[in-house]
Amino acid sequence: MAQKEIEIILMRQLASYLSMPIFVVDPAGTLLFYNEPAEALLGVQFDEAGEMPMAKWATIFRPTDDDGRPLPPDALPLVAALKMRQPARRAVRIVGLDGVPRKIDVIAFPLQGQGQRLLGAAAIFWDVNAK
Amino acid sequence: MKITLWGTRGSLPSAGPETVRYGGNTSCVEVRTEDGSLIVLDAGTGIRRLGAAIGNETRRLHILLSHLHMDHIQGFGFFDPLQRPDLEVHVWGPPSTTHDLRTRLTKYLSPPLFPVRLRDLPSKISLHDVSIEGFTVDSVRISCGLVCHPGPTVGYRIVEYGAAVVYLPDHEPALGARSFPVAPEWTSGFDLAKDADLLIHDSQYTDAEYEERPGWGHSSIRQTIRFAALAGVHRLVTFHHDPSHSDDMLDDLMDDARRNGPMPFELIPGQEGMSFRVPR
């Protein structure tokens, strides 16, 4: 497997030390990493989930809007940030792989390196109903 | 290729009786390719003595800067060949996200930090922002990649006839890792260093010093050895020695490293004046 870009390596290292959930994907949208706080909301450890294509992670958590309508991948902030190369935000209802439904607020942003190279995107998110 | 170390010290020139063997000059390495090209890795104070050793028959050379910290460019203005109008000099180095190499380099090579402006040097100097995709120098392919060190910093991999020399003078692949090494794909510099015939790598600190300075962009000797083992290199040259480390202390650190067991490569304490053939 090819080495990740240095910016992505540093992003993962930073995320692994932060206490807010962070989710990182590559330019193709493939999930590269999420941290321990994210594991608590997604209901599965990253080591179990592993890297997965966008088509899988964009559906496996069953994202819907507030009215329960399924959200297509393009409606997810992380996919929008990746495709539009600009920050995106919205609330999303998901069902973690532990079977627990949650409403999360997501802020996603593209990761751009020198020469405007698109390196991927990252999202921070939190449970809006958490005390 | 023939590789010669002209400056092995990190951070600050450190002349004195206690640094005679490892050397006090900062980063500079000469690479002479089989095809006769001259590639100079970094322009620390070691480049001054290299300049005196370059004959007038040389009409073109390439200086590859890993980054623009002072210990890697301080010798530039004292490199005598730059006074020759018949010499073609190509300088390669990393841009920042907002400034090209010329803008960044001339911050030092201009008054008040230096009396002579880059444009006033007689030789024919061309500056090139390095491309992450790599580039070609004469007949030699150079791969480069951003590596973990504060500010835009690249490492270089020079390949000629299948033999690879890799230069990572300032590198902290262990930054943020809870235990090092980690998986190769998550290790800064791995692709550059993989299976290198000769790896010249940052080994600035002891383990105790590293604990005090995480994020400063350098490695302990133990981390460097682990990185070299992960990358499967054949020879490791320690480099960028801390200015406070005397010859005796560096000897002791190398002895300690060797006592930790056999290594899957040859460990060479980098000393000013050393030369290597690649392949042997």
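On a predicted model such as this, the values are computed, not experimentally measured, just so you know.

Chemist: How should I be thinking about the overall build of chain A in this particular structure?
Modeler: What chain A contains, in helices and strands, is five helices and five strands. On C-alpha atoms alone, chain A measures out to a radius of gyration of 14 Å, which is about the 14 Å that the 2.2 N^0.38 rule sets for 131 residues. Across its three principal directions, the C-alpha atoms of chain A cover 40 × 30 × 25 Å. Out of the 131 residues in chain A, the part that is buried amounts to 50%. In chain A, once contacts between residues fewer than 6 apart in sequence are set aside, the share between residues at least 24 apart is 45%. When the accessible surface of chain A is summed, it comes to about 6500 Å², and 56% of that surface belongs to carbon and sulfur atoms. Each charge class in chain A was averaged separately, 14 positive and 15 negative side chains, and the resulting centres sit 5 Å apart.

Chemist: Explain the sheet that holds strand S6 (residues 124–129) of chain B here, please?
Modeler: Strand-to-strand pairing in sheets goes through backbone hydrogen bonds, with the strands running parallel or antiparallel. All names here are of chain B. Read from one edge to the other, the open sheet built from seven strands follows the order S6-S5-S4-S3-S2-S1-S14, with strand pairing classed as mixed. In the strand order of this sheet, the two ends are held by S6 and strand S14 (275–277), each with one partner. Between one strand and the next, the sheet's axes are offset by a mean angle of 20°, whatever the strand orientation. One ladder, built from four bridges, connects strand S2 (residues 28–32) with strand S3 (residues 38–41); its direction is antiparallel. Among the inter-strand pairings, Val-29 is bridged to a residue of S3, identified as Leu-41.

Chemist: Would you mind going over the sheet that holds strand S10 (residues 163–168) of chain B with me for this structure?
Modeler: Residue and element names in this part refer to chain B. Taken in spatial order, the seven strands of this open sheet run S7-S8-S9-S10-S11-S12-S13, and their pairing is mixed. At either end of the open sheet lies a strand with only one pairing partner, and these are strand S7 (135–137) and strand S13 (266–268). Taken pair by pair, the neighbouring strands of this sheet meet at an average axis angle of 20°, ignoring direction. When strand S8 (residues 140–146) meets strand S9 (residues 154–160), the two strands line up antiparallel, connected through six bridges.

Chemist: What is the right way to look at helix H1 (residues 6–17) of chain A in this model?
Modeler: Side chains three or four residues apart in an α-helix point the same way, a direct result of the helix having 3.6 residues per turn. The end-to-end C-alpha distance of H1(A) is 17 Å, a good match for the 16 Å that twelve residues give at a rise of 1.5 Å each. Burial in H1(A) covers these residues: Ile6(A), Ile8(A), Ile9(A), Met11(A), Gln13(A) and Ala15(A). Residues of H1(A) that are buried in the fold lie against strand S1 (22–25), strand S2 (31–34), strand S4 (101–112) and strand S5 (118–127) of chain A together with S8 of chain B.

Chemist: What should I look at first to understand unusual backbone geometry in this one?
Modeler: Note: most peptide bonds trans; most residues except glycine with negative phi. Cis geometry marks the peptide bond from Pro111(B) to Pro112(B), where omega comes out at 5°. By the secondary structure assignment, Pro112(B) is in the loop between helix H2 (101–105) and S6. The backbone phi angle of Arg62(A) is positive, close to 50°, even though this residue is not glycine. Mapped onto the elements, Arg62(A) comes out in the loop between helix H4 (54–60) and helix H5 (77–84). A residue is classified by how much of its surface remains accessible, and Arg62(A), at 53% relative accessible area, is exposed. In this model, Gln116(A) sits at a positive phi of 60°, which is unusual for a non-glycine residue. Among the structural elements, Gln116(A) can be located in the loop between S4 and S5.

Chemist: Looking at this structure, how should I read the pairing of S9(B)?
Modeler: Side-chain positions along a regular strand alternate between the two faces of the sheet. Residues and elements named next belong to chain B. In terms of residue burial, S9 counts as a mostly covered element, since six of its seven residues are buried. Of the pairings in the sheet, the one linking S9 to S10 comprises five bridges and is antiparallel in character. Each residue of the ladder has a partner; that of Glu-160, found in S10, is Ala-163. In this structure, the hairpin formed by S9 and S10 is closed by a connection of two residues, where Tyr-161 is found at a positive phi of approximately 50°.

Chemist: What is the right way to read the interface of chain A and chain B from this model?
Modeler: It is common to give the size of an interface as the accessible area lost on bringing the parts into contact. At the junction of the two partners, chain A supplies 17 residues and chain B supplies 21 residues. Across the interface of chain A and chain B, roughly 1600 Å² is buried in total on both sides, 57% from carbon and sulfur atoms. The largest contributions to the chain A side of the interface with chain B come from Gln3(A), Ile6(A) and Gln114(A), which together make up 40% of the buried area. At the junction of chain A with chain B, the criterion picks out zero salt bridges. The interface formed by chain A and chain B includes eight residue pairs in polar contact (both at pLDDT 80 or more). Here the residues of the side of chain A that touches chain B are counted per class, giving eight nonpolar, four polar and five charged.

Here is what the cut-offs are and how they apply
- Residues numbered from 1 in each chain as written.
- Chains lettered and ligands numbered in written order.
- Predicted model: local features only at pLDDT ≥ 70, side-chain atom pairs only at ≥ 80, totals over all residues.
- Heavy atoms only, no water.
- Helix = DSSP H or I, 4+ residues; strand = E, 2+ residues; numbered from the N terminus.
- Rg over C-alpha atoms; globule rule 2.2 N^0.38 Å.
- Buried < 20%, exposed > 50% of the residue type's maximum accessible area, 1.4 Å probe, protein only.
- Contact = heavy atoms within 4.5 Å.
- Areas by Shrake-Rupley, 256 points an atom, 1.4 Å probe, with all protein chains shown as cover.
- Lys, Arg positive; Asp, Glu negative; His and termini not counted.
- Charge placed at Lys NZ, Arg CZ, Asp CG, Glu CD.
- Pairing = 2+ DSSP bridges.
- Axes fitted to C-alpha atoms, helices over the stretch in contact; angles between N-to-C directions.
- Expected span 1.5 Å × (residues − 1).
- Buried area = accessible area lost by both parts, 1.4 Å probe.
- Salt bridge = Lys/Arg side-chain N within 4 Å of Asp/Glu carboxyl O.
- Polar contact = N/O pair within 3.5 Å; in protein donor to acceptor, adjacent residues only side chain to side chain.
- Nonpolar A, V, L, I, M, F, W, Y, C, P; charged D, E, K, R; others polar.

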